[in-house]
Amino acid sequence: MIDAPRPRPADGARLRHRALPLAVLGCWLVWAALAWWTAPRSVDAVDLERDLAAGRVVTLARADGWDDSGPWGRPPEPRFTQSGSTVVWARPDGQFRYAYVPRGGPVEDAADPGPVTEPGPGEEADPLADPRARAAVARSGDSLADTLADAAGLLALTIGVGWLLMLVAGPPPVAGTRWYWFWIGLLPYALGVLAWAWRERWRAEAPLTGTRGSGWRGFGGLIVGGIVVSLAVAVLGLLLGGYVVPGG
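Now for a quick tour of the structure. (Residues numbered from 1 in each chain as written. Predicted model: local features only at pLDDT ≥ 70, side-chain atom pairs only at ≥ 80, totals over all residues. Heavy atoms only, no water.)

Turning next to the overall build of the protein. When you go through the protein residue by residue, the secondary structure sums to seven helices and five strands. Going from the N terminus to the C terminus, the protein shows its helices and strands as α-β-α-β-β-β-β-α-α-α-α-α. Across the 248 residues that make up the protein, the buried fraction comes to 38%. Counting only contacts in the protein whose residues sit at least 6 apart along the sequence, the fraction spanning at least 24 positions is 68%. A total of about 14100 Å² of accessible surface is found on the protein, and carbon and sulfur atoms cover 65% of it. (Helix = DSSP H or I, 4+ residues; strand = E, 2+ residues; numbered from the N terminus. Buried < 20%, exposed > 50% of the residue type's maximum accessible area, 1.4 Å probe, protein only. Contact = heavy atoms within 4.5 Å. Areas by Shrake-Rupley, 256 points an atom, 1.4 Å probe, with all protein chains shown as cover.)

Among the residues making up helix H2 (residues 45-53), those that are buried are Leu 48, Asp 51 and Leu 52. Looking straight down H2, one finds that the buried residues subtend no more than 100° of arc, so they occupy a single side. Set apart from the buried face of H2 by more than 90 degrees, the exposed residues are Arg 50 and Ala 53. Phi turns positive one or two residues past the end of H2, at Gly 55, with a value near 70°. (Arc of directions from axis to C-beta.)

Positionally, Val 46 belongs in helix H2. Residue classification places Val 46 among the partly exposed positions, given a relative accessible area of 42%. C-alpha of Val 46 to C-alpha of Ala 99: the two residues are 53 residues apart in sequence and 8.8 Å apart in space.

Turning our eyes to something else, we now look at the packing of aromatic side chains. In total, this model carries nine aromatic pairs according to the counting rule given. Pairing Trp 36 with Trp 37 gives two aromatic rings, centres 5.9 Å apart and planes at 50°, and the pair type is tilted. Aromatic pair Trp 36 and Tyr 243: ring centres 6.0 Å apart, planes at 85°, arrangement edge-to-face. Residue Trp 36 is found in helix H1 (residues 11-38), and its partner Tyr 243 is found in the segment after helix H7 (215-240); the two are separated by 207 residues along the sequence. On the basis of relative accessibility, which here comes to 32%, the residue Trp 36 falls in the partly exposed class. An aromatic cluster is built from Trp 179, Phe 182, Trp 183, Trp 216 and Phe 219, whose rings are joined through pairwise contacts. Cation over ring: Arg 41 sits above Trp 36, and NZ or CZ is 4.6 Å from the ring centre. Its end group placed over the ring of Tyr 243, Arg 41 keeps NZ or CZ at 4.5 Å from the ring centre. (Phe/Tyr/Trp six-rings, centres within 6.5 Å; stacked < 30°, edge-to-face > 60°. Lys NZ or Arg CZ within 6 Å of the ring centre and 35° of its normal.)

Attention shifts here to the pattern of salt bridges. The final tally for this structure, using the stated rule, is four salt bridges. Notably, a salt bridge pairs Arg 91 with Asp 51, separated by 3.1 Å at the nearest N-O pair. Pair noted here: Arg 91 is in the loop between strand S4 (86-90) and strand S5 (96-100) and Asp 51 is in helix H2, with a separation of 40 residues, a long-range link. Measuring nitrogen to oxygen at the nearest pair gives 2.9 Å for the salt bridge that ties Asp 93 to Arg 91. Relative accessible area serves as the criterion here: at 29%, Asp 93 is assigned to the partly exposed category. Look at the salt bridges and you will find they share partners, linking Asp 51, Arg 56, Arg 91 and Asp 93 into a network. (Salt bridge = Lys/Arg side-chain N within 4 Å of Asp/Glu carboxyl O.)

Positioned with a positive phi, Tyr 189 is a non-glycine residue whose angle comes to about 60°. Relative to the assigned elements, Tyr 189 resides in the loop between helix H5 (178-184) and helix H6 (191-202). Phi at Ala 190 takes a positive value of approximately 60°, unusual for a residue other than glycine. Summarising the element assignment, Ala 190 is placed in the loop between H5 and H6. The class for Ala 190 is buried, based on a relative accessible area of 2%.

Attention shifts here to the sheet that holds strand S2 (residues 59-67). The mixed open sheet is built from five strands, whose spatial order is S1-S5-S4-S2-S3. Lying at the two open borders of the sheet, with one neighbouring strand each, are strand S1 (41-42) and strand S3 (77-80). One ladder, built from three bridges, connects S2 with S3; its direction is antiparallel. Residue pairing for S3: Asp 67 is matched across the bridge by Glu 77. Contacts from H2 reach S2, S4 and S5 within the one sheet, and its direction differs from that of S4 by about 35°. (Pairing = 2+ DSSP bridges. Axes fitted to C-alpha atoms, helices over the stretch in contact; angles between N-to-C directions.)

So, to be careful, I would describe these as geometric facts and stop short of saying anything about function.
In structure tokens, the structure reads:
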């Protein structure tokens, strides 16, 4: 079924069309800030020692890699396991950090941590031997970092569902078919949703240049755009570092 051309909106409808992209942009900015702040950041074991010494470790656990199969917009979850070589901890400021700390230290688990031994000649002290690390391992409950990450995931879900409902139940798009914008809207970091809000709501009356986007064109744009965005994030991560671009 081909979408019919959309009639020129009245003044009230035009105002709503202008306000909607601003609301989407506002929600996206809040989500982006939360997602960036709570994204796990890779550091050295020395940073763990510093955070422990300064009392900046709220919770601490061992993990073996990350699970990124959760809802869109939520930071990846650590795969917790007692035998993992990655130590993940939450800080009071709401950030997650993780470092490579090989297994075999004196702290094995919260229930039976084992004896604390002094490092031998030429050996480095295991940061998990610190009594504050033991207390963080035994501590349970969600931290501020978990709460902020959950809020980011909920906000991302709200943006995604709201956009999908507007795309399906709203007036026919101008620059492309609904299938076109469906695929474009799946671009990483909700960039496609922002593009839809700008073109189909903020600039809905702008004349169409070229042919109207089809579903196949949108699918191709999703593939190419996803590759471009991934490369851009990787390059920015190399240039700016893992703190500014976590996971880049």
